[in-house]
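Structural overview for review
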Amino acid sequence: MAKNIRTVLQEGCVNQAAIDQYAEEVSAVIGTENVSSNHIDLLSTCRDYWPVSSIWMLEGAVPALPQLVVWPQTTEEVSQVLALAHERRIPVVPYGEGSGALGGVVPLKGGIMIDMKRMSRIRVLDQENLFVTVECGLNGALYEEHLNRSGYTGGHFPQSLRCSTVGGWLACRAAGQFSTRYGKIEDMVVAAEAVLADGTVFSGRSVPRTSTGPRVDQLFIGSEGVLGVITSATLRIWPLPEKRHLASYTFENIKDGLETIRLFMRAGIRPAVVRLYDAQETGNHFPELGDKRCALIILIEGAAKIVDAEKEIVEEQALALGAIDTGPEHVEHWLKTRFNISAASRLLQKGAVLDTIEVTTNWHNALTTYLAMQEALKGVAGTMLASGHWSHVYPEGAALYITVVGFPGNDKISYYKKLWQEAMAACLAEGAAISHHHGIGLHRGQWMAKEHGKGLEVFGRIKDAFDPHGIMNPGKLGLGEVEKWQK
Ligand SMILES: Cc1cc2nc3c(=O)[nH]c(=O)nc-3n(C[C@H](O)[C@H](O)[C@H](O)COP(=O)(O)OP(=O)(O)OC[C@H]3O[C@@H](n4cnc5c(N)ncnc54)[C@H](O)[C@@H]3O)c2cc1C
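As a starting point, this report considers the structure included with it. Just so it is clear, the model here is predicted, and its values are computed rather than measured. (Residues numbered from 1 in each chain as written. Predicted model: local features only at pLDDT ≥ 70, side-chain atom pairs only at ≥ 80, totals over all residues. Heavy atoms only, no water.)

1. A few points about helix α10 (residues 254-266)
The α-helix advances 3.6 residues per turn, and as a result positions three or four apart in sequence lie on the same side. This is how it is decided: Helix numbering and strand numbering both begin at the N terminus, where a helix is a DSSP run of H or I of at least 4 residues and a strand a DSSP run of E of at least 2. Residue count minus one, scaled by 1.5 Å, sets the expected span of a helix. Think of it in three bands: residues with accessible area under 20% of the maximum for their type are buried, residues over 50% are exposed, and the middle band is partly exposed, with areas taken using a 1.4 Å probe on protein chains only.
With 13 residues, α10 extends 18 Å from end C-alpha to end C-alpha; this agrees with the ideal 18 Å at 1.5 Å per step. Of all the positions in α10, only I254, D256, G257, L258, T260, I261, F264 and M265 are classed as buried.

Here it is as structure tokens:
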């Protein structure tokens, strides 16, 4: 164990003799060099981008520490790593690159972190059937670069592209910035291979669709490590687009911007990027547009003739609702800066509490949910900013992404908890879903019963069947109480 580090949420750990014996046995399977209890390795894998972890880290504390880190390289090795842990009832947490935003990788009960980075091969690039079979530890940017070299795109660009893995995307039901054309990650999965807690390996078949009963591999999409480890996936790919069109507009208000999007989606138009910012975010991201109107950023790509037709319909629709055409340069600026999050680190160091809260609305409550959440967040003493944008849109509705920044003084954690209580209450009261793509992790678990009702208990039964000793990522996805955090 890393000594002298305060662990704020640790809810126990495994008897050291059991860990030592496990380490010896697992070393025989994956090699001593791929098993570590060095402090630096335990610290490197003990947390993610959950803002609370960052607040504690700046104070010299961590949420919890694992006791061992292992780096398997093949599905067979993952199977043995898990089977040995299952036999000894040792908790296991799958770890991608730790870019999760809700504390999903925090090893509440100690045990083993299974770091997936050595599983990073592209197994198959099938150009005829347009799919790729990729191992889950592969870094997102390397995945896309690999496809680009052969003339394809994976169509998945989360802002965390450079610091997340394919497995993390699947485990969290991630969304990329180009999701309106290519879909969220769950729309891209043809099949997945996974390993259950007891080491059982199974995979779905890489055929387009089936009518062969429920797809067990699909259950792992969004499972956040609580059912087992996803080891590889077959994902859809697309030939690199022939043409790209960039456009931007501003609207007098959010309502007209949302209505424009709803109408072109209804007409079957699917730009890759659709981003509508409230006036405050318009001013922050595009100062040259001022902070009185709402900017809409559009990127359309694909076959040239289709792009031209889509462009025309979007333009007609926007202008009909009073938009001002502000040209392509704002989209070019967004493309250049879209992975830059350095402002967040600077604010954190200045004592701010900063977080983003993404939820899913239908069209009928897209605006009211924004207004209700914004009012709720602004009502918490210390809040300086609560702004929003919509960046993933569907015929049925859109994802709303709220950014909140506050300077609450010393008691940052109480402020953080209050923010979320208010925001989630407003979201649920409006009938929106509590997350669109960041997932649940540790922190958002407390609202899972309200989100799912009886469904959470049913999912708990599935979890019990897949992981009878409860070793997989305990305390996450709202399964089980996390007393130390919720009180
Ligand atoms: C700056 C920033 C921007 C972000 N932008 C986006 C965005 O645009 N879109 C988006 O969707 N998300 C975004 N996120 C959130 C985060 O990047 C995603 O949730 C990402 O999918 C997590 O990937 P990871 O590999 O880092 O997973 P980790 O953080 O390591 O793990 C996340 C969860 O998945 C589990 N897990 C990881 N790998 C596996 C596996 N192979 N099998 C089973 N379970 C596994 C872990 O146990 C944990 O519960 C952002 C985060 C940051 C910090």
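2. Here's the deal with the pattern of salt bridges
Keep this limit in mind: Every case where a carboxyl oxygen of Asp or Glu lies within 4 Å of a side-chain nitrogen of Lys or Arg is listed as a salt bridge.
Following the criterion strictly, the structure yields 17 salt bridges and no others. Salt bridges linked by common partners bring R121, R123, E135 and E193 together as one network.

3. Comments concerning the packing of aromatic side chains
Note the following rule: When the centres of two rings from Phe, Tyr and Trp lie within 6.5 Å, Trp using its six-membered ring, the rings pair. Their planes under 30 degrees apart give stacked, over 60 give edge-to-face, and anything left gives tilted.
Evaluation of the coordinates by the stated rule reveals 13 aromatic pairs. Centre to centre, the rings of W50 and W485 are 4.9 Å apart; their planes meet at 80°, and the pair counts as edge-to-face. Taken together, the residues W50 in the loop between α2 (39-44) and α3 (51-58) and W485 in helix α19 (residues 483-486) connect sequence positions 435 residues apart. The class of W485 is buried, set by a relative accessible area of 2%. Summarising the aromatic geometry, the rings of Y277 and F286 are spaced 5.3 Å apart at their centres and angled 80° between planes, so their arrangement reads as edge-to-face. For the pair formed by Y277 and F286, the shared burial category is buried. By the ring-pair criterion, three or more aromatic residues cluster together here, those being W50, W56, Y416, W420, W447 and W485.

4. Topic: the site of the ligand
This is how the line gets drawn: For this description, a residue counts as near a given molecule or strand if any of its non-hydrogen atoms is within 4 Å of it. Definition of a polar contact: a pair of N or O atoms within 3.5 Å, with one able to donate and the other able to accept a hydrogen when the atoms are protein atoms, and with sequence-neighbouring residues admitted only if both atoms are side-chain atoms. To measure how exposed things are, a 1.4 Å probe is used in the Shrake-Rupley method; for residues, cover is taken only from the protein chains shown. Gly is put with the polar residues, along with every residue not named as nonpolar or charged; the nonpolar set is Ala, Val, Leu, Ile, Met, Phe, Trp, Tyr, Cys and Pro, and the charged set is Asp, Glu, Lys and Arg. Boundaries between domains were set according to an automatic or database domain assignment.
The environment of the ligand is formed by 34 residues, the closest being P94, S99, S160, T165 and A175. At 2.6 Å from an oxygen atom of the ligand is found a main-chain nitrogen or oxygen belonging to P94. For the ligand, an oxygen atom lies 2.8 Å from a polar atom in the backbone of Q159. In isolation the ligand offers 970 Å² of accessible surface; the protein chains occlude 95% of this area. Elements with a minimum of two residues in the shell around the ligand: β5 (92-95), α6 (166-172) and β12 (228-236). It is α6 that provides the largest number of residues to the shell around the ligand, a total of five residues. Considered class by class, the residues forming the shell around the ligand number 16 nonpolar, 16 polar and two charged. Taken domain by domain, the shell around the ligand gets at least three of its residues from each of domain 1 (6-116) and domain 2 (122-239).

5. Describing the side chain of N365
What counts here: We call two residues contacting when some pair of their heavy atoms lies within 4.5 Å.
Turning to its location among the elements, N365 is positioned in the loop between β18 (353-362) and α15 (366-378). Those residues in contact with N365, other than ones at most four positions away along the chain, are E430, G431 and A432.

6. A closer look at the nonpolar core
Stated formally: Here, the term nonpolar core denotes a set of buried Ala, Val, Leu, Ile, Met, Phe, Trp, Tyr and Cys residues that are joined through side-chain atoms within 4.5 Å.
Core analysis: the largest hydrophobic core is formed by 116 residues, its most contacted members being Y143 and L170. The greatest single-element share of this core, amounting to nine residues, is contributed by helix α16 (residues 412-429). Among residues more than four places away in sequence, those in contact with L170 are C136, I185, V189, F220, I221, G222, I230, A233 and L235. A85, I112, M116 and V229 belong to the second largest nonpolar core, which has 25 residues in total.

7. Things to note about the pairing of strand β8 (residues 131-135)
For the record, the criterion: Between any two strands, at least two bridges found by DSSP are needed for them to pair.
The buried count for β8 comes to five of five residues, which makes it a mostly enclosed element. Alternating residues of β8 divide into F131, T133 and E135 and V132 and V134, and every residue in both groups is buried. As judged from the four bridges shared by strand β7 (residues 122-126) and β8, these two strands associate in the antiparallel manner. Bridged to D126 within β8 is F131. The turn joining β7 and β8, which pair antiparallel and follow one another in sequence, is formed by four residues; a positive phi near 55° is taken by L130. The pairing of β8 with β12 spans five bridges and is antiparallel. When the bridges of β12 are listed, F131 appears paired with R236.

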